[in-house]
Amino acid sequence: MTHPTEEKLSFKSELKQVLHLITHSLYSHKEIFLRELLSNASDAIDKVRFNSLENENLLQGDKDWTIRIAVDKVAHTLTVSDNGIGMDRETIIEHLGTIAKSGTRAFLDRLKDAEAANRPELIGQFGVGFYSAFMVADRVAVVSRAAGSLEAVRWESDGQGEFTVATAERAGRGTDVVLYLKPEEMEFLEEWRLRSLVKQFSDFIEHPIRMAVEKKKEDVSTFEDETLNSQKALWLRSKSEITEEEYNAFYRQVTGDFEEPLKVIHVQAEGTPSFRALLYLPKRKSMDLQFGDAKVGPRLYINRVLIQDPCEALLPAWLRFVKGVVDCPDLPLNVSRETLQQNPLLEKIQKNLVKQILKTLEALKADQREIYAEFFKELGQILKEGLGRDWERREAIAELLLFENLKGEVGKGITLAEYVAAMPEDQKDIYHLAGENRAALAHAPSLEAFKSKGWDVLLLTDPIDPFVIPGLPEYKGKALKAADRHAPEMPEAEKQKAEAAVGVFQPMLDLFKAKLTGLKDVRLSSRLKESAACLVAAEDALDPHMEQLLARLGQDRGTSPRVLELNPEHATIKALLAKFQTDPTDSRLEGYAHLLMDQALIAEGSKPENPTAFLARINELVAKELS
Ligand code: ADP
């Protein structure tokens, strides 16, 4: 393809909004632009270094990996340069003119709503980093020459909606990002300011960030190159030498998070393979986790050379909230990305890491329950996915679950172990009930028998529960059962009484079943104490709450026919039986059957099938009662 030397192009429309938002809403944190540019430069060097593992020619002899900051106090420019992979014309248009991320819309909405203090965190996580340069610059120029190419390209924009791309010249591979600083941002030309920003945000970048700094000797100024960052590969140092602040600073650099991590896991394993890992558990769900496009895994280094970021083979998806780095010198440097996935060494490392993470969580739960509960509220949903996906670790994950429970305080979860320890002697199984919210569940008629027996029930209010809890059929030999399908076992005497009642009630139940369409069955219940009727799932059906959720997700499979259960001890049911026995053809019986059905629907938080007919029946009864 041939290009005109210079072309003018428009930013993609969403990018215009991103630019506008970044420049206007991040004002109090504008200094993060430097962190973003330095990290792009470092990534670019990592990329060319990685590619050169297979093709050394790409480097054309330049292996002196360097990032450079240069200031021009006359032209008022700040330049960040690297000798990384560079960009050709197409790449530059694609990367600096569009945002290829799927969640951009959602991101914009989030950013608008977010507290100003949280915005830098969001931006860092979303990787719209480059554009933050427009917070401090009226105009930005990028001059870049791709590795292996002779021609350079110059991209330039004032961040207002258009950019130009022209052919240019550059000595050697790499990229210069030139910021024409706004008049009020001249502080970013000052050495002390740049120095302290590098220390604060970019100290662990492993390539040297160099700058010509002024040295005064007897009033004569000379400039000398100095490396501003310590380049410490934190994970290689021994734990005792590392301060908490260093751990936290590295976390912020790796994740873009502005908060401190919840926990640091620093593994120094000797053996086959020997490796170092520095992993972090976050306090909160990051943006990418919220929008479902989160990458899985820490970065993989081999002897400080970045090989893959992220490396999916290092952690299972249900631990995708864990970020950090792994360095394994035992891997061959020429390992390809494709074969990484099946590498047996990585499998071993993964096993080890998962064990350490679960152990850390277990300890947190045991020692700092409230902090753990906060963590679980934020990230437990992701952790739970492991129940169905990772059979080997199912038991260990089960120990980490927290549930709301019928007997417990609102918002305070219990573990399965605590539930089991509190089970009365006659209770054999673990019961749970899924539903929209705790208030509705706590009053569900299907729990009446549990309450009267004093049995606790786990309340599954997390929308993911109906999908993942079936992945755990039992815990410590105790079956997990849905309370709306499995009523507590009745004592023998009650059982006989109930069986006798069935014969008496059956003809009426048959009539109701014939009149109420769409039901699988109408039967007597042992689970009701106060209510007259309730709806339960047939033993072999999908969980009704799960069906509702699926329908909401656009995967409506229709609802499985349910079972209407009636309480034979209830005055209303007894009166209906008496009426039925004197005149089974009484036309009012059908109306009452519908009334029972509607009651059951309302009690579980659903709507009556036909609200107008329901109200008409109620009013008819009131009128009759009072006339
Ligand atoms: P992110 O770095 O999170 O992808 P940016 O907006 O900062 O987002 O950068 C967009 C893309 O532009 C990068 O992914 C990279 O491909 C490219 N890019 C940015 N800076 C450089 C650089 N110095 N050298 C090479 N490519 C770069």
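Residues numbered from 1 in each chain as written. Predicted model: local features only at pLDDT ≥ 70, side-chain atom pairs only at ≥ 80, totals over all residues. Heavy atoms only, no water.

Focus on the domain arrangement of the chain
Taken domain by domain, the chain holds domain 1 (6-227), domain 2 (234-358), domain 3 (403-482) and domain 4 (492-626). The gap between the C-alpha centroids of domain 3 and domain 4 is 24 Å. Counting residues at the interface gives 11 residues for domain 3 and 15 residues for domain 4. Between domain 3 and domain 4 lies a buried interface of about 1,200 Å² when both sides are counted; carbon and sulfur atoms form 65% of it. When the buried surface of domain 3 facing domain 4 is broken down by residue, Pro 445, Glu 448 and Phe 467 rank first, second and third, together holding 41% of it. There are zero salt bridges connecting domain 3 and domain 4. Counting every contact that joins domain 3 to domain 4 gives four residue pairs in polar contact (both at pLDDT 80 or more). In terms of residue count, helix 15 (residues 448-453) provides more of the side of domain 3 that touches domain 4 than any other element does, three residues in total. Classifying every residue of the side of domain 3 that touches domain 4 gives six nonpolar, three polar and two charged. (Domains from an automatic or database assignment. Contact = heavy atoms within 4.5 Å. Buried area = accessible area lost by both parts, 1.4 Å probe. Salt bridge = Lys/Arg side-chain N within 4 Å of Asp/Glu carboxyl O. Polar contact = N/O pair within 3.5 Å; in protein donor to acceptor, adjacent residues only side chain to side chain. Helix = DSSP H or I, 4+ residues; strand = E, 2+ residues; numbered from the N terminus. Nonpolar A, V, L, I, M, F, W, Y, C, P; charged D, E, K, R; others polar.)

Observations regarding a negative patch on the surface
On the surface, Asp 138, Asp 158, Glu 162 and Glu 184 cluster together into a negatively charged patch. Mapping Asp 138 onto the fold places it in strand 4 (residues 137-145). (Patch = residues over 30% accessible without salt bridge, like charges linked within 9 Å, V, L, I, M, F, W, Y side chains within 5 Å. Areas by Shrake-Rupley, 256 points an atom, 1.4 Å probe, with all protein chains shown as cover. Lys, Arg positive; Asp, Glu negative; His and termini not counted. Charge placed at Lys NZ, Arg CZ, Asp CG, Glu CD.)

Things to note about the packing of helix 17 (residues 492-515) against helix 20 (residues 588-603)
It is the contact of helix 17 with helix 20, at a shortest axis distance of 10 Å, that shows an interaxial angle of 80 degrees. The angle between helix 17 and helix 20 places the two elements in the roughly perpendicular class. In contact with Leu 511, Phe 512 and Lys 515 of helix 17, helix 20 contributes Leu 589, Glu 590, Ala 593, His 594 and Leu 596. Here the contact of helix 17 with helix 20 is built from residues that sort into five nonpolar, one polar and two charged. (Axes fitted to C-alpha atoms, helices over the stretch in contact; angles between N-to-C directions. Parallel < 35°, antiparallel > 145°, perpendicular 65-115°, else oblique.)

Re a nonpolar patch on the surface
A contiguous nonpolar surface patch, about 270 Å² in accessible area, is contributed by Ile 618, Val 622 and Leu 626. Relative to the helices and strands, Leu 626 resides in helix 21 (residues 611-626). Relative accessible area serves as the criterion here: at 69%, Leu 626 is assigned to the exposed category. (Buried < 20%, exposed > 50% of the residue type's maximum accessible area, 1.4 Å probe, protein only.)

Some thoughts on the pattern of salt bridges
Tallying each qualifying case throughout the model produces 45 salt bridges. Residues Lys 384 and Asp 465 are paired through a salt bridge, measuring 2.7 Å at the closest nitrogen-oxygen approach. You can see Lys 384 sitting in helix 11 (residues 369-389) and its partner Asp 465 sitting in helix 16 (residues 465-468), a full 81 residues away along the chain. Side by side, Lys 384 and Asp 465 carry an identical accessibility label, which is buried. Put simply, Glu 191, Arg 195, Lys 215 and Glu 226 are held in one network by salt bridges that share partners.

Here's the deal with the side chain of Ser 42
By secondary structure assignment, the location of Ser 42 is in helix 2 (residues 32-52). For Ser 42, the contacting residues outside a window of four places in its chain are Ile 67, Ile 205 and His 207.

Section: the packing of helix 20 against helix 21
Working note: a packed helix pair is described by the angle between its axes plus the distance between those axes. Direction vectors running N to C along helix 20 and helix 21 enclose 115 degrees, while the axes themselves pass 10 Å from each other. Our pair here, helix 20 against helix 21, has a crossing hand that is left-handed. Along the contact surface, helix 20 presents Arg 588, Gly 591, Tyr 592, His 594, Leu 595, Asp 598 and Ile 602, while helix 21 presents Phe 614, Arg 617, Ile 618, Leu 621 and Lys 624. Residue composition of the contact of helix 20 with helix 21, by class: six nonpolar, two polar and four charged. (Left-handed = near helix turned anticlockwise from the far one by under 90°.)

Thoughts on the packing of aromatic side chains
For the coordinates displayed, the defined rule picks out 15 aromatic pairs. Summarising the aromatic geometry, the rings of Phe 11 and Trp 155 are spaced 6.3 Å apart at their centres and angled 50 degrees between planes, so their arrangement reads as tilted. Here Trp 155 lies in strand 5 (residues 152-157) and Phe 11 lies in the loop between strand 1 (6-10) and helix 1 (13-25), a separation of 144 residues in the sequence. Of the residues examined, Phe 11 reaches a relative accessible area of 3% and is grouped as buried. Accessibility expressed as a relative area gives 0% for Trp 155, which makes it buried. With a centroid separation of 5.1 Å and an interplanar angle of 85 degrees, the aromatic rings of Phe 33 and Phe 188 are classed as edge-to-face. (Phe/Tyr/Trp six-rings, centres within 6.5 Å; stacked < 30°, edge-to-face > 60°.)

Structural notes on the environment of Leu 553
Structurally, Leu 553 can be placed in the loop between helix 18 (544-552) and strand 22 (562-566). For Leu 553, a relative accessible area of 61% translates into the label exposed. When the C-alpha atoms of Leu 553 and Asp 484 are compared, they prove to be 23 Å apart, with 69 residues separating the residues in sequence.

Digging into the pairing of strand 11 (residues 275-281)
Burial analysis of strand 11 places six of its seven residues in the buried class, the great majority of the element. Taken together, the seven bridges between strand 10 (residues 263-269) and strand 11 define a ladder with antiparallel strand orientation. Opposite Gln 268, over in strand 11, you have Arg 276 as the bridge partner. Here strand 10 folds back onto strand 11, and the loop between the two strands holds five residues, one of which, Gly 271, carries a positive phi near 140 degrees. As judged from the five bridges shared by strand 11 and strand 14 (residues 323-327), these two strands associate in the antiparallel manner. By the bridge assignment, Arg 276 is partnered in strand 14 with Asp 327. (Pairing = 2+ DSSP bridges.)

Some thoughts on the sheet that holds strand 1
Read from one edge to the other, the open sheet built from nine strands follows the order 1-6-5-4-7-3-2-8-9, with strand pairing classed as mixed. Two strands in the sheet have a free side with no partner beyond their single neighbour: strand 1 and strand 9 (220-227). Going across the sheet, the axis of each strand differs from the next one's by a mean of 20 degrees, ignoring polarity. Bridge analysis of strand 4 against strand 5 gives five bridges, and the strand direction is antiparallel. The partner of Ser 144 across the bridge, within strand 5, is Val 153.

Describing helix 6 (residues 191-202)
The end-to-end C-alpha separation of helix 6 is 15 Å, in line with the 16 Å expected for 12 residues at 1.5 Å each. Considered for burial, the residues of helix 6 that qualify are Arg 193, Leu 194, Leu 197, Val 198, Phe 201 and Ser 202. All buried residues of helix 6 project into a common sector of 130 degrees when viewed along the axis, lining one side. (Expected span 1.5 Å × (residues − 1). Arc of directions from axis to C-beta.)

Here's the deal with the nonpolar core
Among the nonpolar cores identified, the biggest contains 74 residues, and Phe 321 and Leu 383 are the most heavily contacted of them. Mapping this core onto the domain boundaries places at least three of its residues in each of domain 2 (234-358) and domain 3 (403-482). Sequence-distant contacts of Phe 321, that is, excluding residues within four places in its chain, are made with Tyr 280, Leu 281, Pro 282, Leu 289, Phe 375, Leu 379, Ile 382 and Leu 383. With 54 residues, the next largest nonpolar core counts Leu 19, Val 80, Phe 188 and Phe 201 among its residues. (Core = buried A, V, L, I, M, F, W, Y, C linked by side-chain atoms within 4.5 Å.)

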